[in-house]
Each structure stands twice: as C-alpha cells, then as structure tokens.
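# Fold and geometry: a report
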Amino acid sequence: MSDLILVLNAGSSSIKFALYDAAEDLRLRLKGQVEGIGVAAHFSARDANGNSLGEQSWMDGIQPDHELATEFLMHWLRAEVADGRLVGVGHRVVHGGTRFSVPARIDSDVADYLSRLIPLAPLHQPHNLAPIRRIAQQSDAPPQVACFDTAFHRTRPEVEQALPLPREITGRGVRRYGFHGLSYEYIASKLPQIDPRAARGRTVVAHLGNGASLCGMLAGRSVATTMGFTALEGLMMGTRAGSIDPGVILYLFDTLHMNARDVSALLYKRSGLLGVSGISSDMRVLSASESARAREAIDLFAYRIVREIGSIAAALRGIDALVFTAGIGENAASVREAVCRGCDWLGVEMDEQANSGNQLRISSASSPVAAWVIPTDEELMVARHTRQLLRD
Ligand code: ADP
C-alpha cells in the first residue's frame, strides 16, 4: 500500500484537488476539481497523463456546498485509490494572520484561530475552512496541514507590512499581509537551479493569473509585494480593480449611493480586465478579440504591471531577474513583451523569438537582467509542506 498526500485548494466556487505519492518524490497520481459549487456543480478528475478518471454533474435538485463536495470527493478517492493510504491532507488557506509564518498542523486551537481571521478574508477563508471541518469530523480523519498564502510574506520588513492609519485601526490587524505566497515560495525553490545569481540576489516575480500580484525577493525571501490587507491591492486583475484612489470608493458611496455589498461586488467581480473590456476577464478571449476595448484592457493591464515593477524594484534597490508565472505569465507572450519593453530602463532585454515560444529564458544572452518563464505549482508546494510537517 502506498502512502498518499491529498492537497485541497478550495476557492469561492470550486475545490481543486491533487493526490501525490508520499514516498516517490511526491509523484502526482491524479488531480481534478469540483467547480460551479452552489450553482451547477461539476466534478472531474484526471490521471497524471491527463486521461479522464471520472466526471459527474449536479444539474437539478440539491447542489452540494463546500462541505458536501468534500465528502463526495473523499468517497470518490477512497474507491479510486483502493491501493493507497491517505497519510495527510494539505490545504491551501488564504490567511494565516500574524501568527503563522510557516505551515501548521491543524488542531482545534489552530482551527479556532483561522476561523477568527474570517473577517480579514470573508470571501476566501470560510471556503478554505469548510473542507478542513468536514474531514476532521471523520472517525478515521488523516492529519491535516494548513499552508498559508500570507506566510511567505511574513519576512518582509515592518515598514512594508505597516499601513499609515491610526493605531486603533492597525491594532485590529489592518496591515499589508500579501498573498500568492505558495506560488512565490515554489518559484523561490526553483530559482537556484535556473538562475543561481538571481536566487542569491534580487528577483521580481510576476504571478499573473485571474488574481495577479508581484513579489520582490531578496535571496529567495519576500521583501515586498503588491497585494496588501486583501487580495484587492496592487495590479489590475481578471475581475478586480487593483489599487485605485480610495476617493473613488467614497464617491461610490456618497454620490452614487452604492452600498457596501455593491461596492465589494464591483471591486472584486466587475472590474479589471472584465470591467475595462466589457467582454471577458479571460486573457485568451481578449487576446483573440478585435475590439478596441479589449486592446485597451490588455494595455492597461500591462502598464500597471510595469508601474508596479518600478515600485518593487525601488524596494529591492534594483533587480537581477524578472520571472513570469501563472496562466497569463506562462502563456500570454504579448503581455510579457509589453512588460519587458516597459522594463528596458531596468536592463531587461527581451529575446522576441524565445518569448513568442514561451521558452524558459526569454531575455537575450547579454541582457543585464534575466527574464524567465517558470510555471508555478502551488499544489506541489502544499504537498511538500504537508509531507515535511508530518515527518517532523
Ligand atoms: P487562477 O488565478 O484562477 O489560478 P490561472 O493561473 O489559471 O488562474 O490564470 C488564468 C488566466 O490565464 C486567464 O486570464 C487565462 O485567459 C490566462 N491564460 C491561460 N492560458 C492562456 C494562453 N494560452 N494565452 C493567454 N492567456 C492564457
């Protein structure tokens, strides 16, 4: 019987999962997701070669919530991998607050603390915690580990984490936490093999997916990042605005008489690439579109990245390498090209052919700053942490 580690990544309407062999260098056994939770749930799973292992849709009747979807998944896994023994479950958890700078084995005290952080991340934290709760209720529950998106950024200097607000507000935990930490940590783990100079030096990593942020790393540790108190700050994203003048929000309340729920929906779900283009939040759709608004949305997306790279470069006092990752960073050559061109003053010299071919190194051999495309793997990072913590 092989020992297996399950990784769960629960978002607002989906639970992604991946199963690894604990002994065999964390070889991927299978992965999949339950998506459309709460609307029209759909389960699908594939083996490591991409072959389908199963699908199911919940069209009518009772729709599973996150807890029921977890239960379904655990049942399915038990039947699918009858030759395996689940020795641990690792969870991606968005918020570890000020307490956690490393992953934590979950007990009732840790679970209570993470529940108290729900007000800091109301759209994500409850969904992250639902599968944890459900699995803990099982009589033969495997040990569970929480890996935090905020943890990697706890190494940043206090001045990077502080917000210039009165103490009675900041004392309630209102500070810049930063997110996408598991992705950045994975990239930091790859850098020593790919670019030893950058691994020892100053690197800006651009995680450009539906959510998007930058991280400035010094010797592989986070020193600056664009996301802050919530995952709204910083770059323009698929449906999120990124940083905007807080005066706009006052205007929405006072002059347009919007309420907090409407403003939240506007900033999280109706802005960014979707809001500017009026077409889609999906970079593939926008790149293929003839519409001038789609072009404007992509141009604004790239421009804001260039501006923020300047800010991170200031925090790092220069850069040695620029890394692109996540869906857009790994695949959208035109976005990378616009960003690299905007960073020519920093010493980024792009190799057009390498860039259009999504190659690993996309800067010229003589470029003072190396530019790389490194696929991220947040699930594998969670699996590594889970195995490590359960061994200790
Ligand atoms: P998430 O943050 O949800 O994990 P991803 O990292 O999968 O998101 O990134 C999703 C984004 O990547 C979408 O905007 C999608 O259009 C974009 N993307 C994926 N593949 C391509 C591609 N081949 N060309 C351009 N954009 C792509």
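Definitions and limits used
Think of each chain on its own: its residues are numbered from 1, step by step along the sequence as written. Thresholds applied to this predicted model are a pLDDT of at least 70 for local features of residues and 80 or more for the giving and counting of side-chain atom pairs; totals over whole chains, interfaces and linings are not thresholded and use all residues. In computing side-chain properties, one takes all heavy atoms of the structure into account and sets aside hydrogens as well as water. Throughout this description, buried means an accessible area under 20% of the type-specific maximum (1.4 Å probe, protein chains only), exposed means over 50%, and partly exposed covers the range between. Only runs of H or I of at least four residues qualify as helices and only runs of E of at least two qualify as strands under DSSP, and these elements are numbered from the N terminus. Pairing between strands is defined by DSSP: at least two bridges between them are needed. We call a set of buried Ala, Val, Leu, Ile, Met, Phe, Trp, Tyr and Cys residues a nonpolar core when their side-chain atoms join them within 4.5 Å. Contact between two residues is taken to exist if any of their heavy atoms lie within 4.5 Å; hydrogens are not considered. UniProt positions are given in the numbering used here, feature names are shortened, and annotations may be inferred rather than shown by experiment. Two N or O atoms form a polar contact when they lie within 3.5 Å of each other; inside protein one atom must be a possible hydrogen donor and the other a possible acceptor, and for residues adjacent in sequence the pair counts only when both atoms belong to side chains. To obtain each axis, a line is fitted to C-alpha atoms, and for helices this fit is confined to the stretch in contact; angles are then taken between N-to-C directions over 0 to 180 degrees. Here roughly perpendicular refers to angles of 65 to 115 degrees, roughly parallel to angles under 35, roughly antiparallel to angles over 145, and oblique to all remaining angles. Side-chain classes are defined by residue name, with Ala, Val, Leu, Ile, Met, Phe, Trp, Tyr, Cys and Pro counting as nonpolar, Asp, Glu, Lys and Arg as charged, and the others, Gly among them, as polar. Salt bridge, as used here, is a side-chain nitrogen of Lys or Arg placed within 4 Å of a carboxyl oxygen of Asp or Glu. Proximity is defined per residue: any heavy atom of the residue falling within 4 Å of a molecule or strand makes that residue near it.

### Some words on the pairing of strand β8 (residues 144-148)
Most of β8 sits inside the fold, with five of its five residues counted as buried. On β8, burial covers both faces: Gln144, Ala146 and Phe148 on one face and Val145 and Cys147 on the other are all buried. Summarising the sheet, strand β6 (residues 84-93) and β8 pair through five bridges and their orientation is parallel. Its bridge partner lying in β8, Val93 is registered against Phe148. Bridge analysis of strand β7 (residues 104-105) against β8 gives two bridges, and the strand direction is antiparallel. Residue pairing for β8: Ala104 is matched across the bridge by Ala146.

### Focus: the nonpolar core
Grouped together as the largest cluster of nonpolar side chains are 60 residues, with contacts concentrated most on Leu114, Leu208, Phe301, Ile305, Ile309, Val335 and Val339. The element best represented in this core is helix α12 (residues 292-316), accounting for 11 residues. Not counting chain neighbours up to four residues away, the residues in contact with Leu114 comprise Val93, His95, Gly96, Phe100, Gln125, Leu129, Ala146 and Phe148. Residues Tyr20, Tyr186, Leu191 and Ala321 belong to the second largest nonpolar core, which totals 30 residues.

### Description of the UniProt feature "binding site: substrate" (unreviewed entry) in the protein
UniProt records the feature "binding site: substrate" (unreviewed entry) at Arg92, using the numbering of this structure. One can find Arg92 in strand β6. Judged by relative accessible area, which is 16%, Arg92 ranks as buried. Once you skip the residues sitting within four places of it in the chain, Arg92 turns out to touch Leu8, Asn9, Asn128, Cys147, Asp149, His180, Leu182, Glu378 and Val382. Within the structure, the side chain of Arg92 is placed 2.9 Å from the side chain of Asp149, a separation counted as a polar contact.

### Brief notes about the packing of helix α6 (residues 181-194) against helix α16 (residues 378-391)
Two elements in contact, α6 and α16, have axes whose closest approach is 8 Å; the angle formed by their N-to-C orientations is 80 degrees. It follows that α6 is roughly perpendicular to α16 by the angle criterion. On α16, the residues that touch Leu182, Ser183, Glu185, Tyr186 and Ser189 of α6 are Glu378, Leu380, Met381, Val382, Arg384 and His385. Its residues assigned to classes, the contact of α6 with α16 shows five nonpolar, three polar and three charged.

### Here's the deal with the sheet that holds strand β10 (residues 212-218)
Within the open sheet, the five strands sit side by side as β11-β10-β9-β12-β13. Their pairing is mixed. The open sheet terminates on both sides in strands that have one partner only, identified here as β11 (221-225) and β13 (370-373). Averaged over all adjacent pairs, the angle separating strand axes in this sheet is 25 degrees, with direction ignored. With seven bridges connecting them, strand β9 (residues 202-208) and β10 associate as antiparallel partners. Of the residues in β10, the one forming a bridge with Val205 is Cys215.

### Observations concerning the pattern of salt bridges
The full count for this structure, using the stated rule, is 20 salt bridges. Taking the shortest distance from any N to any O, the salt bridge between Arg341 and Glu352 comes out at 3.1 Å. Note that Arg341 is positioned in helix α14 (residues 333-342) and Glu352 in helix α15 (residues 352-356), a separation of 11 residues in sequence.

### Topic: the UniProt feature "site: Transition state stabilizer" (unreviewed entry) in the protein
If you check UniProt for "site: Transition state stabilizer" (unreviewed entry), the listed places come out as His180 and Arg240 in our numbering. Within the secondary structure, His180 is located in the loop between α5 (167-170) and α6. Contact partners of His180, with chain neighbours within four places excluded, come to Arg92, Asp149, His207, Gly211, Ala212, Ser213 and Met227. When residues no more than four places from it in sequence are discounted, the contact partners of Arg240 are Gly211, Met227, Ala231, Leu232, Leu267, Tyr268, Ser271 and Gly272.

### Observations regarding the site of the ligand
Gly209, Asn210, Gly211, Ser281, Asp282, Met283, Arg284, Ala326, Gly327, Ile328, Asn331 and Ala332 make up every residue found near the ligand. Between a nitrogen atom of the ligand and a side-chain N or O atom of Asn331, the distance comes to 3.4 Å. No other element matches helix α13 (residues 326-331), which puts four residues into the shell around the ligand. Here the residues of the shell around the ligand sort into four nonpolar, six polar and two charged.

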